[in-house]
Amino acid sequence: MDISFVIEKFVLVAIIFGISLVIAMYSTYAERKVAAFLQDRLGPDRAGPFGILQPLADGLKMFMKEEIIPTHANKWLFMVGPGLAMLTACIGTAVIPWGSPITTAAGRIIPLQVTDINVGVLYIFGVVSLSVYGVMIGGWASNNKYSLLSAIRAASQNISYEVAMGLSIIALLLVTNTMSLKEIVEMQHGWHWNVLYQPLGFLLFIICAFAETNRAPFDLPECETELIGGYHTEYSSMKLGFYLFAEYINMFVSSAVMATLYFGGYNYPGMDWVLTQVGPVIAPLIGTAVLFAKIFAFIFFFMWVRWTIPRFRYDQLMHLGWKVLIPIAIANVIVTGIVIAIVEKF
Amino acid sequence: MNHNQPVYTDNDPQSELVTLNLGPTHPATHGVFQNVLQLDGERIVSGVSTIGYIHRAFEKIAEHRPFYQITPLTDRLNYCSSPINNMGWHMTVEKLLNITVPKRVDYLRIIVMELARISDHIICNTIIAQDTGATTTFLYLFQFREHIYEIYEEICGARLTTNIGRIGGFERDFNDIAFAKINKFLKEFPVALREFESLLNRNRIFIDRTAGVACVTPEQALDYSWSGPLLRATGVDYDVRVSEPYCSYDEFDFEVPVGTSGDIYDRYLVRNEEMWQSVSLIEQALEKIKHEPAGVFHADVPDFYLPAKEEVYNNMEALIYHFKIVMGEIDAPKAEVYHAVEGGNGELGFYLINDGGRTPYRLHFRRPSFINYSMYAKMSEGMLLSDAIINMSSMNIIAGELDA
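Residues numbered from 1 in each chain as written. Chains lettered and ligands numbered in written order. Predicted model: local features only at pLDDT ≥ 70, side-chain atom pairs only at ≥ 80, totals over all residues. Heavy atoms only, no water.

Chemist: Kindly report on the side chain of Arg-209 of chain B, identifying the contributing residues and their values.
Modeler: Its location among the elements puts Arg-209 of chain B in helix H7 (residues 204-210). The class of Arg-209 of chain B is buried, set by a relative accessible area of 0%. The residues contacting Arg-209 of chain B, other than those within four sequence positions of it, are Glu-226, Arg-311, Phe-312, Arg-313 and Gln-316 of chain A together with Asp-131, Thr-132, Ser-386, Asp-387 and Ile-390 of chain B. (Helix = DSSP H or I, 4+ residues; strand = E, 2+ residues; numbered from the N terminus. Buried < 20%, exposed > 50% of the residue type's maximum accessible area, 1.4 Å probe, protein only. Contact = heavy atoms within 4.5 Å.)

Below is the structure:
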């Protein structure tokens, strides 16, 4: 293994990690601005022009705050919780292809993907499933009844919606025949976006993504009017910051996954023509920009929904997950299978 | 559980239930009161309400204050609609003293009271939305409460604890800016209310959260002596404005909306419809005022209505009246009166016994929040935690009115 490969990957990991953190930071700013826009308000506008330094000020505040660990909390687990939430949120980005490989003048091909494992979809699932542990452990270790209720809600919600999410992905895999995210993206070259072949699957997936990221209308684990702060009621300073950050990183990762699986990733119409015009170094970067545009559109959608509709009740959430989404997802798998069988036969 | 001594902690390690202290400071209680709930998972098995955290002994304080100084106490009952409390108190004293106020004063009072009703219902309905998670709808309508406060400011100078009016009328006439602001409000508010309704009334999640939750039968509601929108949501058409008309409400044309099932959705719809009716009442009152002699804003009762300051300084009779009123040398009849107004939450009654002195011998406020809240713990039994919380929001329990 040559050393340039290691450096290349190291740089890529650092860049992706940095970008996810910056996007998470500015998602908090965007959230407040979008909320303000939807609610006829101004939003943060004091720190810097248009308030763009607000996330930095918030971050500084989080670091400077006094850290309180409740006396009866399980101290070790109390600290593991936010760390685990942050870790699982960050490692999800490893398999996302951020752009088509860059071919340098020297003929060297630099893939814009940390690693292309052949079970990329399963990897993302695994990571997403782990993310509930941060919430559960934090909620349990706080030794607070509200946090505990929230942890229970989070656990059952995430487990239930993972089933529907998995089933919606199975239908997608029937179409794509591969679990490698890179190959899935390559298949969607041009206009062959999976959302056109799997509209119902996408709808199920996005609903489940809302539930997996604990965003409204599925924000039961942290619904402030019932459970005060939910699992992070007892948290303060940067531990609280980690939980809030993890939520935004999760949102970013889910958006990236949705864009990759269903909306063609870095593909955009006319990309072949652009490649001939600007050359093999710039063209992939345009693709990356397109991918980020799609991600931001999804993030905006997440926020738009959050600030528009009320949230479900716990039993309604379970009802929707088990009695509505899962049967539809199963039907989707069956119909997709039959259609593919017929198409391949004739 | 012993209802006199709620158990605040889990004593029994073998117990399958969890004790949860909802309040006294919890984001959903909107005020200081506590519910000690026994939870089985998310389901409430039993609950005990603890009230009295902000009890200020107003009824006792009132026994030591002359009538006109009791108005500021009524401000602090239901502080979301103080003007209704103020007007109710003024009318009670007027009933005691047999004062008839000019029609124009009645109409001005109706404008103020209906504005207060709108602001009260804005709070309740937007809080239901907020507690179900729809923050944006909350903010859309909430800014109109701000506009109503600006109108109060123009009329009396205060915003929250208004102390509007005096016994016998108002302390001053409404100025042109006040009328302009009222007209502006009447133009802009229906648009916002329509938008608010379009976001929630047919919203599947909102209906699922509220419809069929916390149903109350008319019998239960009457057993617990409920009144106001909560009672009307169960289907009983009792409105003090219609059944015991006061303040010339009988001259007005308005409808009393009633619900069918008494659930949270019905309460929400009843309150929304009442806001529409209040808008129409204000419009009618503004129309009627045009036909009344301008500039009349109080009854001609020099014994009870403080004269203007320039009169006091330049006119002997006025000085005498001023002295007599302030020093409490006015004779009030020995009598027992009860007067009720339709407050934001229901029948707001003032039961006043006077033994001829300058202060009430005994004064009792019939506070609708206090009476409505008595069913809360029992209603919560068997509910999910989330339901219990929006049930509390939909009952619009105001801590000031609950504890007095």
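Here the narrative resumes, following the displayed structure.
Chemist: Let's hear about unusual backbone geometry: which residues, and what values?
Modeler: The phi dihedral of Phe-50 of chain A is positive, around 55°, even though this residue is not glycine. Topologically, Phe-50 of chain A is positioned in the loop between helix H1 (3-38) and helix H2 (54-64). Unlike most non-glycine residues, Cys-247 of chain B shows phi in positive territory, near 55°. Take Cys-247 of chain B: it is sitting in the loop between helix H10 (240-243) and helix H11 (264-289). Taking the relative accessible area as the measure of exposure, Cys-247 of chain B reaches 8% and is therefore buried.

Chemist: Explain the UniProt feature "transmembrane region" (unreviewed entry) in chain A to me, using residue names and the numbers behind them.
Modeler: Residues and elements named next belong to chain A. Under the present numbering, the feature "transmembrane region" (unreviewed entry) in UniProt falls on residues 7-27, 76-100, 120-141, 161-179, 191-211, 240-262, 282-304 and 324-343. A helix fraction of 64% and a strand fraction of 8% characterise residues 76-100, whose end C-alpha atoms lie 43 Å from each other. Taken end to end, residues 240-262 comprises 100% helix and 0% strand; its first and last C-alpha atoms sit 33 Å apart. (UniProt positions renumbered as here; feature names shortened; annotations may be inferred.)

Chemist: Can you break down the interface of chain A and chain B residue by residue, with the values?
Modeler: Listed per partner, the contact involves 23 residues of chain A and 35 residues of chain B. There are two salt bridges connecting chain A and chain B. In this structure, the connection of chain A to chain B is made through 11 residue pairs in polar contact (both at pLDDT 80 or more). Where the side of chain A that touches chain B is concerned, the elements lending two or more residues are helix H5 (145-176), helix H9 (224-227) and helix H12 (314-345) of chain A. Looking at the side of chain A that touches chain B residue by residue, the classes come out as 11 nonpolar, four polar and eight charged. (Salt bridge = Lys/Arg side-chain N within 4 Å of Asp/Glu carboxyl O. Polar contact = N/O pair within 3.5 Å; in protein donor to acceptor, adjacent residues only side chain to side chain. Nonpolar A, V, L, I, M, F, W, Y, C, P; charged D, E, K, R; others polar.)

Chemist: Tell me about the environment of Ala-340 of chain B, and name the residues and values.
Modeler: All names here are of chain B. Topologically, Ala-340 is positioned in strand S4 (residues 335-342). For the pair Ala-340 and Lys-288, spaced 52 residues apart in sequence, the C-alpha separation works out to 24 Å. Discounting residues that sit within four places of it in the chain, Ala-340 has contacts with Val-240, Tyr-246, Glu-347, Leu-348 and Gly-349.

Chemist: I'd love a proper account of the sheet that holds strand S3 (residues 43-50) of chain B, names of residues and values included.
Modeler: To summarise the sheet geometry, strands pair through backbone hydrogen bonds and adopt either a parallel or an antiparallel arrangement. Residues and elements named next belong to chain B. Pairing in this open sheet of three strands is antiparallel, and the strands run S1-S2-S3 from one edge to the other. The open sheet has two free edges, formed respectively by strand S1 (18-22) and S3, since each of these has just one partner strand. Strand-to-strand twist of the sheet, defined as the mean angle between neighbouring strand axes without regard to direction, takes the value 20°. Of the strand pairs in this sheet, strand S2 (residues 34-40) and S3 are connected by seven bridges, and their pairing is antiparallel. Each residue of the ladder has a partner; that of Asn-35, found in S3, is Ser-49. (Pairing = 2+ DSSP bridges. Axes fitted to C-alpha atoms, helices over the stretch in contact; angles between N-to-C directions.)

Chemist: Describe the sheet that holds S4 of chain B, listing the residues and the values that go with them.
Modeler: All names here are of chain B. Spatial ordering of the open sheet is given by S4-S5-S6, a layout of three strands whose pairing is antiparallel. The sheet terminates laterally at S4 and strand S6 (362-366), the two strands that pair on one side only. Within this sheet the neighbouring strands show an average axis-to-axis angle of 10°, counted without direction. Taken together, the five bridges between strand S5 (residues 347-354) and S6 define a ladder with antiparallel strand orientation. If you follow Gly-349 over to S6, its bridge partner there is Arg-366. On top of the sheet, helix H3 (residues 82-97) reaches S4, S5 and S6; it is set at about 150° to S4, its chief contact.

Chemist: Tell me about the packing of aromatic side chains, residues and numbers included.
Modeler: Residues and elements named next belong to chain A. One pass over the structure, following the stated rule, counts 41 aromatic pairs over all chains. Ring geometry for Phe-300 versus Trp-304: centroids 5.9 Å apart, planes at 35°, classification tilted. Taken together, the residues Phe-300 and Trp-304, both in helix H11 (residues 271-306) and four residues apart, mark about one turn of the helix. Taking relative accessible area as the criterion, Phe-300 reaches 33% and is therefore assigned partly exposed. Residue class for Trp-304 comes out partly exposed when judged on its relative accessible area of 43%. Every member of this aromatic cluster is reached through a ring pair, and the members are Trp-193, Phe-202, Phe-205, Tyr-262, Phe-263 and Phe-298. (Phe/Tyr/Trp six-rings, centres within 6.5 Å; stacked < 30°, edge-to-face > 60°.)

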